[in-house]
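# Observations on the model geometry
In case you want the letters, here they are:
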Amino acid sequence: MQLYSFFNSSTSYRVRIALALKQLPYDYLPVNIREQQHREAGYVAKNPSAGVPLLVDDDGFNLSQSLAIIDYLDARHPQPRLIPQEPRLRARALEIANLIGCDMHPVNNLKVLRYLVGKLGVSEEQKNAWYAHWIDEGLRSLEALLAQAGSGPFCLGGEPTVADCCLVPQVANALRMGCDIGAYERVRAVHEHCNTLPAFQQAAPARQPDFKA
C-alpha cells in the first residue's frame, strides 16, 4: 500500500491516523503542496482531484478524499472499526467528521488562503482573521456536538472513530496558526487524550519523512 501525503496536510493526517490505528504498513510518498507538486501532470493523472492524500492499494486501486479512504479501509480492514456499525453511533461519528471535513477545513485550506492573498489581495492580517473566524465558528459547533454526544476520552466515548481522526488534525492546524482554543474544553480534552496514544503520535506531522519545521 502507498500513501501520497504531505506532512502538514490535515486530510493526509486523518488517513495516517486511520492507518496507524489499524496498524497497516504503507510506503510514504511525499507530495509537496507548497511547491505545487500536486498539480504536476504525472500526479494529476493518478489523482484528478489534484490534492492529497491519495491511497494506492496493493492491487493498484487509487482513491483520493480522506473520508472515502477511511471508509474503504474500514471495509477492507475492519479492525478496529472507525466508522461504527450501530446506526446512531455511526451517524454521530459522521456528523462530527463532516462538520470538520465539510464546514471547517474547506474554507481554510491552503488553496483558499492562497487565493485570498494572491487573487483577492487580502493582507496577511486579514487572512489570519479569516482563518481564526472560521476556526472559532467551527469549534463552537464542534464543542456543542461533543456535549450532545457525551464525549469521553474520545469524541464518542471509549474508542477512537473517524471523528477523532478528523478532530486531531484540525486542532493541530488551529494551534499552528495561533488560534485560541481555550474556550473549547471538550475539544481540547479529546485532542490531548488522543495525542497520548502511539497511533496518533506516529501519524503526527513532525514524525513524517518530509517534515520541515
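Residues numbered from 1 in each chain as written. Predicted model: local features only at pLDDT ≥ 70, side-chain atom pairs only at ≥ 80, totals over all residues. Heavy atoms only, no water.

The chain is annotated in an unreviewed UniProt entry as Maleylacetoacetate isomerase of Candidimonas humi.

Of all residues except glycine, most have a negative phi; of all peptide bonds, most are trans. Here Val-52 and Pro-53 are connected by a cis peptide whose omega angle stands at 5°. Relative to the elements of secondary structure, Pro-53 occurs in the loop between α2 (41-46) and β3 (54-56). Residue Pro-80 follows Gln-79 across a cis peptide bond; omega there is -10°. Phi is positive for Gln-23, close to 55°, though the residue is something other than glycine. Relative to the elements of secondary structure, Gln-23 occurs in the loop between α1 (10-21) and β2 (27-30). With a relative accessible area of 70%, Gln-23 lands in the exposed category. (Helix = DSSP H or I, 4+ residues; strand = E, 2+ residues; numbered from the N terminus. Buried < 20%, exposed > 50% of the residue type's maximum accessible area, 1.4 Å probe, protein only.)

By the definition in use, this model includes six salt bridges. Linking Asp-74 and Arg-81 is a salt bridge whose minimum nitrogen-to-oxygen distance equals 4.0 Å. The salt bridge involving Asp-136 is made with Arg-140; its shortest N-O contact spans 2.5 Å. Taken together, the residues span about one helical turn, with Asp-136 and Arg-140 both in helix α6 (residues 124-149) at a distance of four residues. Since its relative accessible area comes to 29%, Asp-136 is described here as partly exposed. Assessed through its relative accessible area of 46%, Arg-140 is described here as partly exposed. (Salt bridge = Lys/Arg side-chain N within 4 Å of Asp/Glu carboxyl O.)

Time to look at the packing of helix α4 (residues 87-108) against α6. Running from N to C, α4 and α6 point in directions that differ by 175°, and their axes come no closer than 9 Å. Regarding the angle of α4 to α6, the classification is roughly antiparallel. From α4, Arg-92, Glu-95, Ile-96, Leu-99, Ile-100, Met-104, Val-107 and Asn-108 reach across to α6, where they touch Trp-130, Tyr-131, Trp-134, Ile-135, Gly-138, Leu-139, Ser-141, Leu-142, Leu-145, Leu-146 and Gln-148. Of the residues contributing to the contact of α4 with α6, the split by class is 13 nonpolar, four polar and two charged. (Axes fitted to C-alpha atoms, helices over the stretch in contact; angles between N-to-C directions. Parallel < 35°, antiparallel > 145°, perpendicular 65-115°, else oblique. Contact = heavy atoms within 4.5 Å. Nonpolar A, V, L, I, M, F, W, Y, C, P; charged D, E, K, R; others polar.)

The nonpolar side chains of soluble globular proteins are, as a tendency, buried together. Core analysis: the largest hydrophobic core is formed by 53 residues, its most contacted members being Ile-96, Leu-142 and Leu-167. Those elements that provide at least two residues to this core are α1, α3 (66-76), α4, α5 (110-118), α6, α7 (162-176), α8 (185-194) and α9 (198-203). Examining the composition of this core, we find that eight residues originate from one element, α7, more than from any other. Apart from the residues lying within four places of it in its own chain, the contact partners of Leu-142 are Ile-96, Leu-99, Ile-100, Leu-167 and Val-187. With ten residues, the next largest nonpolar core counts Val-31, Val-52, Leu-54 and Val-56 among its residues. (Core = buried A, V, L, I, M, F, W, Y, C linked by side-chain atoms within 4.5 Å.)

Position of Arg-92 among the secondary structure elements: in helix α4. The class of Arg-92 is partly exposed, set by a relative accessible area of 32%. As a C-alpha pair, Arg-92 and Ala-144 span 52 residues in sequence and 12 Å in three-dimensional space.

Attention shifts here to the packing of aromatic side chains. Counted according to the given criterion, the structure contains five aromatic pairs. On the basis of an interplanar angle of 85° and a centroid distance of 5.4 Å, the ring pair of Phe-7 and Phe-211 is categorised as edge-to-face. In this pair, Phe-7 sits in the loop between β1 (2-5) and α1 while Phe-211 sits in the segment after α9, placing the two residues 204 residues apart along the sequence. For the pair Phe-61 and Tyr-72, a centre-to-centre distance of 5.0 Å together with 40° between the ring planes defines the contact as tilted. Of this pair, Phe-61 sits in the loop between β3 and β4 (62-64) while Tyr-72 sits in helix α3, and the two are eleven residues apart along the sequence. Residue Phe-61 is classed as partly exposed on the basis of its relative accessible area, which comes to 38%. A relative accessible area of 16% means that Tyr-72 is categorised as buried. Following the ring pairs from residue to residue traces out a cluster consisting of Phe-6, Phe-7 and Phe-211. (Phe/Tyr/Trp six-rings, centres within 6.5 Å; stacked < 30°, edge-to-face > 60°.)

It is worth spelling out the packing of α1 against α7 at this point. Packing of α1 against α7 brings their axes to within 8 Å, and their N-to-C directions diverge by 135°. The angle between α1 and α7 falls in the class oblique. Relative to α7, the crossing made by α1 is right-handed. Residues Ser-10, Tyr-13, Arg-14, Ile-17, Ala-18 and Leu-21 of α1 pack against Cys-165, Cys-166, Val-168, Pro-169, Ala-172 and Asn-173 of α7. Class assignment for the residues of the contact of α1 with α7 results in nine nonpolar, two polar and one charged. (Left-handed = near helix turned anticlockwise from the far one by under 90°.)

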